[in-house]
Amino acid sequence: MRLIDQIADRYVDESIKLSPGLATFLGVPGFEDKIDDLSPAGLAAQADLDRRTLDELRSTEPCDEREQVAKEAMTERLELALERYEAGDAHLSLNVLGSGVHGVRQLFDIMNIEDAEGAANVVARLNAVPVAFEQYADTLRSEASAGRVAARRQVTEVASHCDNWNGASGDDFWAGLIKRVTVDGEPPTGELAAALEEGAQAARAATATFAEFLRNELAPVAPEKDAVGRDRYARASRYFLGAAVDLEETYAWGWEELHRIETEMARVADRIKSGADVDEAVAVLDADPEQTLPDKDAFRDWMQELADATIADMADTHFDIPEPVRRIECMIAPTSDGAIYYTGPSEDFTRPGRMWWSVPPEQETFSKWREVTTVYHEGVPGHHLQVGQSAYRSELLNRYQRQLLWCSGHGEGWALYSERLMEELGYLDDPAIRLGMLDAQAFRATRVIVDIGVHLELEIPADNPFGFAPGQVWTPELAWDFLRAHCRIEDKMLQFELNRYLGWPGQAPSYKVGERIWMAARDEYKERKGEAFNLKQFHTDALNLGSLGLEPFQAALKRI
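In this report, the structure presented in the accompanying data block is examined.

Parameters and conventions
Residues numbered from 1 in each chain as written. Predicted model: local features only at pLDDT ≥ 70, side-chain atom pairs only at ≥ 80, totals over all residues. Heavy atoms only, no water. Helix = DSSP H or I, 4+ residues; strand = E, 2+ residues; numbered from the N terminus. Rg over C-alpha atoms; globule rule 2.2 N^0.38 Å. Buried < 20%, exposed > 50% of the residue type's maximum accessible area, 1.4 Å probe, protein only. Contact = heavy atoms within 4.5 Å. Lys, Arg positive; Asp, Glu negative; His and termini not counted. Salt bridge = Lys/Arg side-chain N within 4 Å of Asp/Glu carboxyl O. Pairing = 2+ DSSP bridges. Axes fitted to C-alpha atoms, helices over the stretch in contact; angles between N-to-C directions.

## What about the overall build of the chain?
Thought 1: Counting its secondary structure elements, the chain contains 23 helices and five strands.
Thought 2: Taken over the C-alpha trace, the chain has a radius of gyration of 23 Å; the compact-globule value for 560 residues is 24 Å, and the two agree within 12%.
Thought 3: Projecting the C-alpha coordinates of the chain onto the three principal axes gives extents of approximately 65 × 55 × 50 Å.
Thought 4: Scored against the burial criterion, the 560 residues of the chain give a buried share of 55%.
Thought 5: If you take every contact in the chain between residues at least 6 apart in sequence, the share linking residues at least 24 apart comes to 76%.

## Quick look at the side chain of lysine 71
Thought 1: Looking at where lysine 71 falls in the secondary structure, it is placed in helix α4 (residues 65–86).
Thought 2: Buried within the structure, lysine 71 lacks any salt-bridge partner; glutamate 61 is the closest side chain of opposite charge, at an N-O distance of 4.5 Å.
Thought 3: Leave out the neighbours within four places in its chain, and lysine 71 touches Ile4, Leu57, Arg58, Thr60, Glu61 and Pro62.

## Structural notes on the sheet that holds strand β3 (residues 340–343)
Thought 1: With mixed pairing, three strands are arranged side by side in an open sheet as β2-β4-β3. Two strands bound the open sheet, and with one partner strand each, they are β2 (328–332) and β3. Each adjacent strand pair in this sheet contributes to an overall mean axis angle of 20°, direction not counted.
Thought 2: Alignment of β2 against strand β4 (residues 353–357), held across five bridges, turns out to be parallel. Bridge pairing in β4 places methionine 331 opposite tryptophan 356.

## Some thoughts on the pairing of β4
Thought 1: Of all five residues making up β4, five are buried, and the element is well covered by its neighbours.
Thought 2: Judged by which residues are buried, β4 turns out to be covered on both faces: Gly353, Met355 and Trp357 on one side and Arg354 and Trp356 on the other are all buried.
Thought 3: Across four bridges, the pairing between β3 and β4 is antiparallel. Directly across from tyrosine 341, in β4, lies its bridge partner tryptophan 356.

Here is the structure:
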């Protein structure tokens with residue numbers, strides 16, 4: 001009997017009961033009129049489930065190698081989740097990208113809003129927003145009473161996000177949501193239309209109330225200091241990577257990697273215009289009408305065309321892509337905070353995987369050369385292939401592995417590895433596209449330096465290759481100067497990125513460090529296989545393990 005798989009499947013069932021939002025993301029019906037319990041009791045219930053499941057896992061022997069991988073993967077994730085819960089790291093959930101209120105708002109992006117049942121669920125869920133936001137406020141109050149509060153910067157920035165959802169940035173999310181609801185292709189009328197409007201008003205009022213709570217109650221007791229310190233950072237780093245790394249060595253490697261990338265960027269810039277430096281080459285590309293798209297609709301259509309063409313080219317050649325995974329939808333998100341993200345397919349694939357682009361209101365044009373590798377990162381061979389393939393492989397992976405298990409270092413590391421892979425396969429031979437990839441890689445390398453440096457309050461190396469602030473201790477202000485010197489991103493978006501690093505320690509470096517570990521895993525696999533090495537087979541073997549922490553991933557891959 002496959003006892004590990006049974007434990008995993010029960011865990012998914014129990015998790016869905018505790019989290020209606022999870023059910024929505026998985027496409028499981030029957031929960032779309034509800035929102036998760038975000039109170040201390042709700043968090044405790046999830047921790048209790050994790051604890052009970054861990055006890056079962058530890059006392060159960062796997063029946064074969066496949067179950068051994070599943071046990072190792074699940075144990076690693078649950079142990080770290082519990083460790084962070086018991087250490088009181090829950091207050092770190094209040095940040096500009098991954099807070100409880102962001103999770104609630106994003107639920108509405110993937111709901112069915114195109115028939116009477118969907119419209120009724122939207123009404124019910126809108127009316128549940130006030131309770132959910134008050135529960136989350138109770139959790140933050142409880143944490144604050146124990147002396148655990150996110151930095152003031154995060155508190156006030158999340159309050160600003162709430163303002164923007166309520167229309168401060170020009171677009172009222174709640175009003176826009178109910179305008180998109182249809183029944184049989186037509187806008188709702190009568191009682192349903194009135195109920196939607198009342199629900200939107202309730203959600204809008206709750207959002208305003210939560211913003212007031214943040215500013216008036218939480219901000220006054222929040223620390224000014226952004227750095228979380230070594231202990232909390234080490235826990236966060238292990239959680240996001242699924243592996244323990246030497247933080248000082250990784251910090252030093254970040255400097256080396258950024259220097260390597262920028263040296264290569266200079267060579268590519270000269271190919272774009274002889275004698276040009278990188279900024280001059282960027283100016284040449286930005287002035288090229290062939291590299292520019294005029295509006296967000298044209299940008300979405302271009303993303304969709306590129307994503308579809310890449311899937312068609314990759315399938316049956318470089319990857320075995322299951323038929324349902326060959327469909328992806330490129331979407332403009334209904335918010336304007338600048339975030340780019342991917343949402344996986346529903347469990348039955350009736351809702352496809354989607355690539356979302358949240359466009360700032362001031363952005364009018366889009367550069368193709370900058371974003372080709374972003375499509376590869378979010379689509380195929382990046383997140384869409386990895387997540388979609390895991391969701392499809394029911395003959396290899398249990399339900400927890402297919403639907404719940406996610407490790408940022410593994411997933412984001414694969415997405416960055418995918419960008420490098422496309423270079424290896426010849427898809428980035430155009431110097432413009434290659435410069436875009438290198439620019440994105442440099443951006444990810446700066447994250448490693450800044451994130452570790454600021455949170456551990458490290459010294460900037462006296463002999464750093466850029467001559468930047470030698471010997472000074474990292475501060476958010478120095479981080480801003482460093483990001484502006486090495487990242488070609490609009491100031492508003494770059495400020496959002498810095499706030500993200502300051503409030504979500506350990507997550508941003510998981511991209512580049514995850515890629516580093518993926519590359520090392522491939523090198524080990526290639527050396528071990530010798531003449532029998534086949535790149536397509538490596539990808540098949542690696543992806544068939546599903547998502548898992550990078551330490552259990554490396555261990556499992558070595559057994560293949």
